[in-house]
Amino acid sequence: MFTFETNVSKSFQFENLGLSVGKICVIMYFVLIKKDFEIMENQAVLKAQGITKTYEGGTSAQVLKGIDIEVGAGEFVAILGESGSGKSTLLYILAGIDTPTSGTVELAGKCLDSIKDEDMASLRRREVAFVYQYDNLVPHLTAYENITLPLLLDKKKETEFKERIVALCNDLGIGDRLNNLPSEMSGGEQQRVAIARALAIEPKVIFLDEPTGSLDSERGRQVMEILKDINEKHGVALIMVTHSPAHAEYASRKIIIEDGQIK
Ligand code: ADP
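Rules and cut-offs
Residues numbered from 1 in each chain as written. Predicted model: local features only at pLDDT ≥ 70, side-chain atom pairs only at ≥ 80, totals over all residues. Near = placed C-beta within 6 Å. Helix = DSSP H or I, 4+ residues; strand = E, 2+ residues; numbered from the N terminus. Nonpolar A, V, L, I, M, F, W, Y, C, P; charged D, E, K, R; others polar. Buried ≥ 20, exposed ≤ 12 C-beta atoms within 10 Å, placed from the backbone. Pairing = 2+ DSSP bridges. Right-handed = clockwise from strand over helix to strand, strands pointing away. Contact = placed C-beta atoms within 7 Å. Axes fitted to C-alpha atoms, helices over the stretch in contact; angles between N-to-C directions.

Novice: Where do I start with the site of the ligand in this structure?
Specialist: In the vicinity of the ligand, the contacting residues are Tyr-55, Gly-57, Val-63, Gly-81, Ser-83, Gly-84, Ser-85, Gly-86, Lys-87, Ser-88 and Thr-89. In terms of residue count, helix H2 (residues 87-94) provides more of the shell around the ligand than any other element does, 3 residues in total. For the shell around the ligand, a count of residues per class yields 2 nonpolar, 8 polar and 1 charged.

Novice: What exactly am I supposed to notice about the pairing of strand E7 (residues 205-209) here?
Specialist: Consecutive side chains along a regular strand alternate between the two faces of the sheet. Buried residues dominate E7, accounting for 5 of its 5 residues. Two elements, strand E6 (residues 128-131) and E7, share 4 bridges in a ladder whose sense is parallel. Looking at the pairing, Val-131 lines up with Leu-208 of E7. Bridge analysis of E7 against strand E8 (residues 237-241) gives 5 bridges, and the strand direction is parallel. Following the sheet pairing, Leu-208 is matched in E8 by Met-240. At this point the chain moves from E7, through helix H7 (residues 217-234), to the parallel E8, and the crossover so formed is right-handed.

Novice: Where do I start with the sheet that holds E8 in this structure?
Specialist: The strands making up a sheet associate through backbone hydrogen bonding, with each pair oriented either parallel or antiparallel. Taken in spatial order, the 6 strands make up an open sheet running E6-E7-E8-E3-E9-E10, and their pairing is mixed. Strands at the two margins of the open sheet, each flanked by one partner only, are E6 and strand E10 (261-262). Note that strand E3 (residues 76-81) and E8 share 4 bridges and pair parallel. Note on E8: the bridge partner recorded for Phe-76 is Leu-238. Sheet strands touched by H2: E3, E7, E8 and strand E9 (253-258). Its angle to E8, the strand with the most contacts, is close to 150°.

Take a look at the structure:
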């Protein structure tokens, strides 16, 4: 009797245990997948701490006075401020184009003050892109050649990217301008070519310095719609300097620089 009860209870416990292990596995699987998504969503593409910048010269001036910024994957951040407040200086430091007087920048997981030259070059080829106010397209190359230049420099084969780039350009509304030189395109079209060139490398983050600064208000609005769309569709983080409060509304977060600090 005792043995029988023990066996029944053991078998009962085993079945219960079997069921629990199964359930636990399923729960763990979903918990881990959810965790993975949370990590991807929360992963910072940019972390800057204690950024200061002093320009030495006739009158030495501290432009940035201790800035901390963290930008998550896929975020769209607008940096606003009065003219001369240090927005562009900050953007260039965050992108690794300029160096801070003090403070640290971690971009796409790399600490910029200790990064090797070859790692910096690889970061610029594959992970980070920059769009300037007056974009510096190569004048004697067509739109398509300008857009694909970074990929060719990275030794990618045209057969690997042509279809993707044409689809991207169709999305940006410049599909019929690909054989044109920059001088044969409007300012708005040139800026879309510059955005396509930035997106072509499928970066984690794009820095934009007043991307609508040289455009009239309608073309500026169109470029902002495109930026919002690519941010949502491609999940690329955008960090944009603008003096336009209306254009900053397209971003998911605004950072205002005042007197060298975040307001
Ligand atoms: P914003 O982008 O907000 O208009 P900037 O970052 O371009 O401002 O400039 C901030 C301040 O730093 C300005 O007073 C500007 O004159 C000064 N500045 C920018 N670059 C230099 C430089 N290379 N040498 C000296 N002063 C500079």
